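Coordinates in review
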Amino acid sequence: TPVAHATMYTGLEPEGHGIRTYERPQLSCRTLFDEWIDAGKKVAIVAQLDSTFLHIFAGRNLDYFEAANAVEVQEKALELMATDEYDVISIHTFDYDNAAHAFGPESKQALNAVSLEAEGFHRLVEAAKPFADKHKFLFTYSPDHGQHPVMGGTGQHGSKMIEDMNVVHFFGTL
């Protein structure tokens, strides 16, 4: 996950950003967060406790918020949106990833986590609508990897299997 997040938010291969294994050093290379900040944007990261985002993107001139679970992350993001103070709010949750690892990628627990994330995404889009007359919005739901089932019914990722590599992202504007 740190490798994927660093790649997604820098546009660099692991050799360029420096993270090649599950380690979470503070990135010293440029990231999307740096670009937004340099463009004068007010940026926030809202993430679950001990999130990779809170480690590898630390030390930047942006606001960091921690929450205990995905629902609390969504609630904090909604609260920040209501203030109309932020240009960028990046959210990181990992309830689906945890459930898929523990119970399998298509388990009841994992699919419930995906359902809650989809509902939360919808709530965020709906919460932005009152501000659409004065702001343009880009919403993205961007998983960092897929998962494949393994013996024992759990999930795994990190291979070059199609289930791990073919990841669907959702984008929308308002």
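Scroll up for the structure.
So, here's what we can say about the structure.

How each quantity is defined
- Residues numbered from 1 in each chain as written.
- Predicted model: local features only at pLDDT ≥ 70, side-chain atom pairs only at ≥ 80, totals over all residues.
- Heavy atoms only, no water.
- Axes fitted to C-alpha atoms, helices over the stretch in contact; angles between N-to-C directions.
- Helix = DSSP H or I, 4+ residues; strand = E, 2+ residues; numbered from the N terminus.
- Parallel < 35°, antiparallel > 145°, perpendicular 65-115°, else oblique.
- Contact = heavy atoms within 4.5 Å.
- Pairing = 2+ DSSP bridges.
- Buried < 20%, exposed > 50% of the residue type's maximum accessible area, 1.4 Å probe, protein only.
- Core = buried A, V, L, I, M, F, W, Y, C linked by side-chain atoms within 4.5 Å.
- 1 Å grid on protein atoms, 1.4 Å probe; cavity = no way out; pocket = protein on both sides within 12 Å on 5 of 7 lines; lining within 4 Å.
- Points joined across faces, edges and corners; volume = space filled by probe spheres on them.
- Nonpolar A, V, L, I, M, F, W, Y, C, P; charged D, E, K, R; others polar.
- Phe/Tyr/Trp six-rings, centres within 6.5 Å; stacked < 30°, edge-to-face > 60°.
- Lys NZ or Arg CZ within 6 Å of the ring centre and 35° of its normal.

Now for the packing of helix 5 (residues 70-83) against helix 7 (residues 108-128). At a minimum axis separation of 10 Å, helix 5 and helix 7 run at an interaxial angle of 5 degrees. What the angle tells us is that helix 5 and helix 7 run roughly parallel. The residues of helix 7 that touch helix 5, namely those facing Gln74, Glu75, Ala77, Leu78 and Met81, are Leu116, Glu117, Gly120, Arg123, Leu124, Ala127 and Ala128.

Right, let's talk about the sheet that holds strand 3 (residues 88-92) for a bit. In spatial order, the strands read 2-1-3; together these three strands make up an open sheet with parallel pairing. Each of the sheet's edge strands pairs with one partner strand only, and the pair in question is strand 2 (63-67) and strand 3. For this sheet the average axis-to-axis angle between neighbouring strands, irrespective of direction, equals 15 degrees. Pairing geometry for strand 1 (residues 43-48) and strand 2, over five bridges, is parallel. Paired with Ile45 across the bridge in strand 2 is Tyr64.

Moving on, we get to helix 1 (residues 2-10). For helix 1, the full list of buried residues reads Pro2, Ala4, His5, Ala6, Tyr9 and Thr10. Contacts made by the buried residues of helix 1 are with helix 2 (14-17), helix 3 (32-38), helix 4 (52-56) and strand 3. Count one or two residues on from helix 1 and you reach Gly11, which has phi positive near 80 degrees.

Once that is clear, we can look at the nonpolar core. Residues Leu27, Phe33, Ile45, Phe53 and Phe57 are the most contacted members of the largest nonpolar core, which totals 16 residues. If you list the elements that add at least two residues to this core, you get helix 1, helix 3, strand 1 and helix 4. Not counting residues within four places of it along the chain, the set of residues in contact with Phe53 comprises His5, Tyr9, Phe33, Ile45, Ala47, Ala58, Ser90 and His92. Formed by nine residues, the second largest nonpolar core is a distinct cluster that contains Leu78, Met81, Leu124 and Phe131.

Think of a ball as big as a water molecule: rolled over the atoms, this probe shows where empty space is left. Here the second largest pocket defines a volume of roughly 550 Å³. Elements supplying a minimum of two residues to the lining of the second largest pocket: helix 1 and helix 8 (162-165). The element best represented in the lining of the second largest pocket is helix 1, accounting for four residues. Classifying every residue of the lining of the second largest pocket gives seven nonpolar, seven polar and four charged.

Let us look at the packing of aromatic side chains. For the structure on display, the rule yields twelve aromatic pairs. Geometrically, the ring pair formed by Phe121 and Phe139 is edge-to-face, given 6.2 Å between the ring centres and 80 degrees between the ring planes. Note that Phe121 is positioned in helix 7 and Phe139 in strand 4 (residues 138-141), a separation of 18 residues in sequence. By relative accessible area, Phe121 is classed as partly exposed at 24%. An aromatic cluster of three or more residues is present, and its members are Tyr9, Phe33, Trp36, Phe53 and Phe57. Positioned above the aromatic ring of Tyr86 is the side chain of Lys42, whose terminal nitrogen or guanidinium carbon lies 4.7 Å from the ring centre.

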